[in-house]
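Chains, contacts and geometry: an overview
The lines below spell out each chain.
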Amino acid sequence: MNEFLWVVYPYLCLMVLVVGMLSRYNYDQIGWTSKSSELLEKRLLRLGSPLFHWGIIFVFLGHVAGLLVPIEVYRSLGVTEHLYHMGAMAMGGLTGLMTLVGLLLLLWRRLSVRRVLRHTSGGDWLALLFLIATVTLGLLMTLVYNVSHLPYEYRTTVGPWIRGVILLHPDAALMAHVPLVLQLHILTALALFAVSPFTRLVHIFSLPLAYLRRAPMQYRRRTPAPFERARRDEGI
Ligand code: HEM
């Protein structure tokens, strides 16, 4: 079972992610969008969306620092275990909470605004469900488990395991004694990767770089602005 969960299952999810993304790109480029619903409701979106997006960007950077940078690098820089975990819990806790509050606001918006609800697809629910589950489990680990127990040293277990997955020689034994909440967090995150090609999350891979080189666009009002009307009346 351990081998299945930490060797087979991660590659199954990553395979669905890669093949799913490639085939969606091939067959559904028009549907490759974040499906903005800004025109349907702005007030809650203006608060929920930046909270979620900024939160998740910092959570992502935290994962890179905590999981991809080996613990030896921190030790050689003189960063003690205590200092590392205090920093990780403070930053991770804050940015994780931002992400969760943003997600809950976006969920509330989807449920409470009829027009948004009517434009919500199965894929949108799937993405929200897996995002909320993954983020909640991550936060439970950082803010509940680590506070009620000693901070868990994932840099000697989960860190080497995930680097093994990336380098194609994962060691399932590293994950055998990881706390259950963290195991569930990682399994849910992998499931999120697998469902993402079938949802609006495809937009993660679209950086609108063409915008930077695009010719400027002019927007004109359909009805003349007051100063234009005044000019016209004065015959200028
Ligand atoms: C396989 C991929 C992932 C691994 C191995 C992983 C691992 C971890 C680890 C080790 C922690 C720290 C737990 C602690 O403080 O003791 C954590 C926390 C967290 N994770 Fe993940 N995670 C993954 C994917 C994700 C994804 C996709 C998301 C968001 C959708 C996410 C969101 C969070 C959040 C919000 C926290 C709490 C805040 C923080 O400490 O950064 N994780 N995760």
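Residues numbered from 1 in each chain as written. Predicted model: local features only at pLDDT ≥ 70, side-chain atom pairs only at ≥ 80, totals over all residues.

1. Examining the overall build of the protein
Stated precisely, the cut-off is as follows: What counts as a helix is a DSSP run of H or I of at least four residues, what counts as a strand is a run of E of at least two, and both are numbered from the N terminus. Using C-alpha atoms as the atom set, the radius of gyration is obtained and then compared with a globule rule of 2.2 Å times the number of residues to the power 0.38. With C-beta atoms placed from the backbone, a residue counts as buried when 20 or more other C-beta atoms lie within 10 Å of its own, as exposed when 12 or fewer do, and as partly exposed for counts between those limits. We call two residues in contact when their backbone-placed C-beta atoms lie within 7 Å.
Within the protein, the regular secondary structure consists of 10 helices and 0 strands. Put simply, the protein runs from its N terminus to its C terminus through helices and strands in the order α-α-α-α-α-α-α-α-α-α. Scaling as 2.2 N^0.38, a compact globule of 236 residues should have a C-alpha radius of gyration of about 18 Å, whereas the protein reaches 23 Å, well beyond that. Dimensions of the protein along its principal axes, counting C-alpha atoms only, are 80 × 40 × 40 Å. Relative to its 236 residues, the protein shows a buried fraction of 19%. Of the contacts formed within the protein by residues at least 6 apart in sequence, a portion of 85% connects residues at least 24 apart.

2. Focus: the packing of helix α4 (residues 81-112) against helix α6 (residues 122-148)
Spelled out, the test is: Between N-to-C directions, angles cover 0 to 180 degrees, with each direction set by a line fitted to C-alpha atoms, over the stretch in contact for helices. Here the angle decides the label: under 35 degrees means roughly parallel, over 145 means roughly antiparallel, 65 to 115 means roughly perpendicular, and every other value means oblique. Crossing handedness: left-handed means the near helix sits turned counterclockwise from the far one by under a right angle, and right-handed means the same turn made clockwise. Classification convention: Asp, Glu, Lys, Arg as charged; Ala, Val, Leu, Ile, Met, Phe, Trp, Tyr, Cys, Pro as nonpolar; all other residues, Gly among them, as polar.
Look at α4 against α6: their axes get within 10 Å of each other, and the N-to-C directions meet at 150°. For the element pair α4 / α6, the angle class is roughly antiparallel. The two elements α4 and α6 cross, and the hand of that crossing is left-handed. Across the interface between the two elements, Met89, Gly92, Gly93, Gly96, Leu97, Thr99, Leu100, Leu103 and Leu107 of α4 pack against Leu128, Leu131, Ile132, Val135, Thr136, Gly138, Leu139, Thr142, Leu143 and Asn146 of α6. Classifying every residue of the contact of α4 with α6 by side-chain character gives 11 nonpolar, 8 polar and no charged.

3. Describing the nonpolar core
Filter applied, for reference: Definition of nonpolar core: a set of buried Ala, Val, Leu, Ile, Met, Phe, Trp, Tyr and Cys residues joined via C-beta atoms within 7 Å.
The biggest cluster of nonpolar side chains holds 11 residues, and these are Trp6, Leu137, Met141, Tyr154, Val158, Trp161, Ile162, Met175, Leu182, Ile186 and Leu190. Listed by contribution, the elements that provide at least two residues to this core are α6, α7 (158-166) and α8 (180-195). Sequence-distant contacts of Met141, defined by excluding residues within four places in its chain, comprise Asn146, Pro179, Val181, Leu182 and His185. Judged by nonpolar contacts, the second largest core, of 10 residues, contains Leu100, Phe130, Val135 and Leu192.

4. Describing the site of the ligand
Our working rule: All residues are tested the same way: a C-beta atom is placed from the backbone, and lying within 6 Å of a molecule or strand makes the residue near it.
Of all residues adjacent to the ligand, which total 26 residues, the nearest are Gly92, Gly96, Gly138, Thr142 and Ala189. Broken down by secondary-structure element, the contributors of at least two residues to the shell around the ligand are α2 (43-68), α4, α6, α7 and α8. If one sorts the elements of the shell around the ligand by residue count, α6 sits on top with 8 residues. Looking at the shell around the ligand residue by residue, the class counts come to 16 nonpolar, 10 polar and no charged.

5. Concerning the environment of Ser76
Within the element layout of this structure, Ser76 appears in helix α3 (residues 71-76). Spatially, the C-alpha atoms of Ser76 and Ser36 are 46 Å apart, while their sequence positions differ by 40 residues.

6. With respect to unusual backbone geometry
The backbone phi angle of Lys35 is positive, close to 50°, even though this residue is not glycine. In this structure, Lys35 sits in the loop between α1 (2-27) and α2.

7. As for α7
Using the following cut-off: To be clear, the arc concerns the directions from the helix axis to the C-beta atoms.
Taken as a whole, α7 has its buried residues at Val158, Trp161 and Ile162. Around the axis of α7, the buried residues are gathered within 95° of arc, so they sit on the same side. Next to the buried residues of α7 lie α1, α2 and α8. Leu168, located one to two residues past α7, shows a positive phi value of around 70°.

8. A word on α1
Quick note on the threshold: A helix is expected to span 1.5 Å multiplied by its residue count minus one. Bend, at a single residue, is the angle you get between axes fitted to the 7 residues ending at that residue and the 7 residues starting at it.
Here α1 is 26 residues long and its end C-alpha atoms lie 36 Å apart, about the 38 Å a rise of 1.5 Å per residue gives. Along α1, the sharpest kink reaches roughly 35°, centred on Val8 and followed within four residues by the proline Pro10.

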